[in-house]
Amino acid sequence: MKFTVKTGTPPDIATDCLVVPRGKAHTIAEKLGVEEQVLLALETTRNETGEVTKLALNGRPSRLLVVGKAQATSAADYRKDMAATAKALADLDVADATLCVGDFEVRDLGAYRKVRLALDAVSVASYRFDAYKSKKPKPRKLRRVGVVGINRVEARRATRDAQALLEGMELAKDLGNQPPNVCDPAFVAEAAQALAGDKVRVDVIDEAQMAELGMGAFLSVTQGTRKPAKLISVHYRGGAADAAPTVLIGKGITFDTGGTNMKGFAGMADMKFDMCGAASVLGVAKAVIAAELPINVVAMVAAAENMPGGAASRPSDIVTTMSGQTVEIQNTDAEGRLVLCDAMTYAERFTPRAVVDIATLTGAQVTALGHHASALYANDDALAAALSEAGERSADRMWRMPLWDEYQAQLKSNFADMKNIGGSAAGSITAACFLSRFAKAFPWAHLDIAGTAFGQGRSSGRPTPALFEYLLAVGANGG
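First, a word on what this report is: a plain description of the structure on this page. Since the structure is predicted, the reported quantities are computational estimates derived from the model, not experimental observations.

Here's the deal with the pattern of salt bridges
Scanning the model with the defined rule gives 24 salt bridges in all. Put simply, aspartate 96 and arginine 144 hold a salt bridge, and the shortest N to O gap is 3.2 Å. Placement of aspartate 96 in strand E5 (residues 96-99) and of arginine 144 in strand E6 (residues 144-147) is noted, with a sequence separation of 48 residues between them. With a shortest N-O distance of 2.9 Å, aspartate 274 and lysine 251 are connected by a salt bridge. Of the two residues, aspartate 274 sits in the loop between strand E9 (246-256) and helix H9 (276-291) while lysine 251 sits in strand E9, which places them 23 residues apart along the sequence. One exposure class covers both aspartate 274 and lysine 251, and it is buried.

Looking at H9
Counted at 1.5 Å a residue, the expected span for H9 with its 16 residues is 22 Å, and the 22 Å between its end C-alpha atoms agrees. Taken across its 16 residues, H9 has 13 buried, putting it largely inside the fold. Of the residues one or two after H9, glutamate 292 is the one with positive phi, at around 55 degrees.

Side note on the state of the cysteines
Note on terminology: disulfide describes a covalent bond linking the sulfur atoms of two cysteines. Going through the model one piece at a time under the given rule, you end up with zero disulfides. Left without a disulfide partner, cysteine 17 is nearest to the cysteine sulfur of cysteine 100, which lies 9.8 Å away. Look at cysteine 17 and you get buried, because its relative accessible area is 0%.

Considerations on the sheet that holds strand E7 (residues 200-205)
The strand order across the open sheet built from eight strands is E7-E8-E10-E9-E13-E17-E14-E15, with neighbouring strands paired in mixed fashion. Both outer strands of the open sheet, E7 and strand E15 (398-400), are each paired with one neighbouring strand and no more. Taking the axes of each pair of neighbouring strands and ignoring which way they run, one obtains an average angle of 20 degrees across the sheet. When strand E13 (residues 354-359) meets strand E17 (residues 444-448), the two strands line up parallel, connected through five bridges. Opposite alanine 359, over in E17, you have aspartate 448 as the bridge partner. Packing against the sheet, H9 makes contact with E7, strand E8 (230-237), E9, strand E10 (296-306) and E13, and its axis sits at approximately 140 degrees to E9.

Notes on the packing of aromatic side chains
Applying the stated rule across the entire model yields six aromatic pairs. Judged by centre distance (6.0 Å) and plane angle (25 degrees), the ring pair of tryptophan 404 and tyrosine 407 falls under stacked. We classify tyrosine 407 as buried; its relative accessible area is 19%. Between phenylalanine 434 and phenylalanine 438 the ring centres are 5.4 Å apart and the planes differ by 45 degrees, which places this aromatic pair in the tilted class. Neither residue differs from the other here; phenylalanine 434 and phenylalanine 438 are each classed as buried.

Here we look at the environment of glycine 370
Along the chain, glycine 370 falls in the loop between helix H11 (363-369) and strand E14 (374-378). Residue classification places glycine 370 among the buried positions, given a relative accessible area of 19%. Along the chain, glycine 370 and threonine 452 lie 82 residues apart, while their C-alpha atoms are 8.0 Å from each other. Excluding residues within four positions of it along the chain, glycine 370 makes contact with Gln365 and Gly451.

Quick notes on the pairing of E10
Judged by how many residues are buried, E10 sits mostly within the fold: 11 of 11 residues are covered. Residues of E10 alternate between two faces, with Asn296, Val298, Met300, Ala302, Ala304 and Asn306 on one and Val297, Ala299, Val301, Ala303 and Glu305 on the opposite face, all of them buried. With nine bridges connecting them, E9 and E10 associate as parallel partners. Bridge assignment links glycine 250 to a residue of E10, and that residue is valine 301. Handedness of the β-α-β unit built from E9, H9 and E10 comes out right-handed.

Looking at the layout of surface pockets
Approximately 1,400 Å³ is the volume found for the largest pocket. Val124, Met169, Lys173, Ser460 and Arg462 are the residues nearest the centre of the largest pocket, which is lined by 43 residues in total. Looking at which element gives the most residues to the lining of the largest pocket, the answer is helix H4 (residues 111-126), with seven residues. Taken together, the residues of the lining of the largest pocket break down into 15 nonpolar, 12 polar and 16 charged. Here the second largest pocket is characterised by a volume of approximately 620 Å³. Lining the second largest pocket are 29 residues; nearest its centre among them are Lys263, Asp333, Leu361, Thr362 and Gly363. Counting residues per element, the ones that place at least two in the lining of the second largest pocket are E9, helix H10 (336-347), H11 and helix H14 (427-436).

Cut-off values and rules
- Residues numbered from 1 in each chain as written.
- Predicted model: local features only at pLDDT ≥ 70, side-chain atom pairs only at ≥ 80, totals over all residues.
- Heavy atoms only, no water.
- Salt bridge = Lys/Arg side-chain N within 4 Å of Asp/Glu carboxyl O.
- Helix = DSSP H or I, 4+ residues; strand = E, 2+ residues; numbered from the N terminus.
- Buried < 20%, exposed > 50% of the residue type's maximum accessible area, 1.4 Å probe, protein only.
- Expected span 1.5 Å × (residues − 1).
- Disulfide = S-S within 2.5 Å.
- Pairing = 2+ DSSP bridges.
- Axes fitted to C-alpha atoms, helices over the stretch in contact; angles between N-to-C directions.
- Contact = heavy atoms within 4.5 Å.
- Phe/Tyr/Trp six-rings, centres within 6.5 Å; stacked < 30°, edge-to-face > 60°.
- Right-handed = clockwise from strand over helix to strand, strands pointing away.
- 1 Å grid on protein atoms, 1.4 Å probe; cavity = no way out; pocket = protein on both sides within 12 Å on 5 of 7 lines; lining within 4 Å.
- Points joined across faces, edges and corners; volume = space filled by probe spheres on them.
- Nonpolar A, V, L, I, M, F, W, Y, C, P; charged D, E, K, R; others polar.

Take a look at the structure:
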């Protein structure tokens with residue numbers, strides 16, 4: 001999909017499909033010479049948010065889409081209009097479409113955001129994953145989407161960012177949707193290495209190197225599988241040489257059986273999505289590279305497979321983390337925090353300006369927030385606010401949860417410095433409390449995305465949009 005900025009008025013624009021708001025449909029229909037046809041169609045359709053009226057025309061454009069209400073709308077209603085428009089475009093037999101974005105009257109929404117909301121909706125609606133179907137569905141014809149009638153400087157910036165996010169979301173979703181017999185830690189490492197290039201270096205640490213570094217927690221997770229673990233770091237240098245990087249760390253459990261504490265049958269097939277944190281981290285790295293943001297980023301992936309076996313970890317095992325702290329493993333199905341804690345300690349060497357870890361960490365997050373919002377924890381208020389604002393702008397929302405000291409007591413162990421679980425109460429919170437013990441050296445946030453990263457058997461790509469918005473703001477504020 002290619003996004004562009006076009007010039008001209010509707011009768012002069014070369015396009016297969018023109019998208020206009022209901023409030024301007026009459027005027028544009030006059031210019032196209034199809035006034036009677038459009039008025040007749042509008043008389044039989046509803047003046048409502050999300051309503052899309054499709055008209056077939058003779059000549060070019062061959063299609064006209066009339067969208068939404070005739071009156072000015074709110075940003076929320078405009079978002080719904082664009083989602084409905086994008087879905088309609090994805091199903092049309094047209095190669096090129098043009099959105100008359102400037103004609104949509106939206107309260108409290110500037111040119112940049114109007115374009116982004118429209119094009120980001122097209123990105124979501126146009127995605128498909130059919131790599132393993134022997135009979136491919138008919139490919140969608142839509143290849144180009146342009147915007148017109150809006151400030152060109154802002155429109156160009158918005159199309160650049162939307163194009164970059166499209167590339168990042170496709171990577172994040174593709175990785176999440178891969179079957180686990182294909183997408184193992186080595187596969188994830190290869191996907192990361194494909195990002196290497198100008199300003200980008202990729203490092204991959206194997207299990208022998210992890211052992212030398214003292215990553216006992218990380219290695220305990222991978223003991224029961226024949227698939228070697230990988231700690232992957234994608235270094236993007238778009239900012240000043242001495243500027244501290246933002247570090248993103250993704251949980252990359254490519255399949256999670258639960259290990260010795262094996263999960264039940266229900267939901268086991270979805271455990272290929274336990275690497276969606278890693279997928280989103282690599283997705284946002286690709287978006288940052290494509291947008292050439294003026295910042296430094298380290299995108300880290302802690303990739304492993306959690307399987308039962310003769311060498312697998314047992315409940316009551318005690319391991320020593322890279323930080324030197326010891327952990328009593330009371331549940332081998334609480335493995336994500338074990339790979340993340342060593343990755344967080346490793347991240348200290350980059351002297352980060354901030355660290356954000358992203359993980360499908362707990363079922364308790366789904367119980368607390370459902371599938372609409374990710375859970376946000378942080379030891380820094382400014383970082384938490386920046387992430388929350390990015391989530392609101394991108395409609396990839398998150399909700400800040402408490403990280404109070406009172407919850408830390410649930411991690412007390414009789415035999416080690418801490419347990420890896422805190423009991424059934426407040427499971428998402430105590431998981432975050434566990435990770436917070438490894439985040440003393442930097443501003444840190446944790447996103448528990450168990451409820452938002454996937455649904456109905458598909459990867460959502462979240463929270464790639466929110467993370468990209470956050471990094472756009474970091475770049476705009478000087479890195």
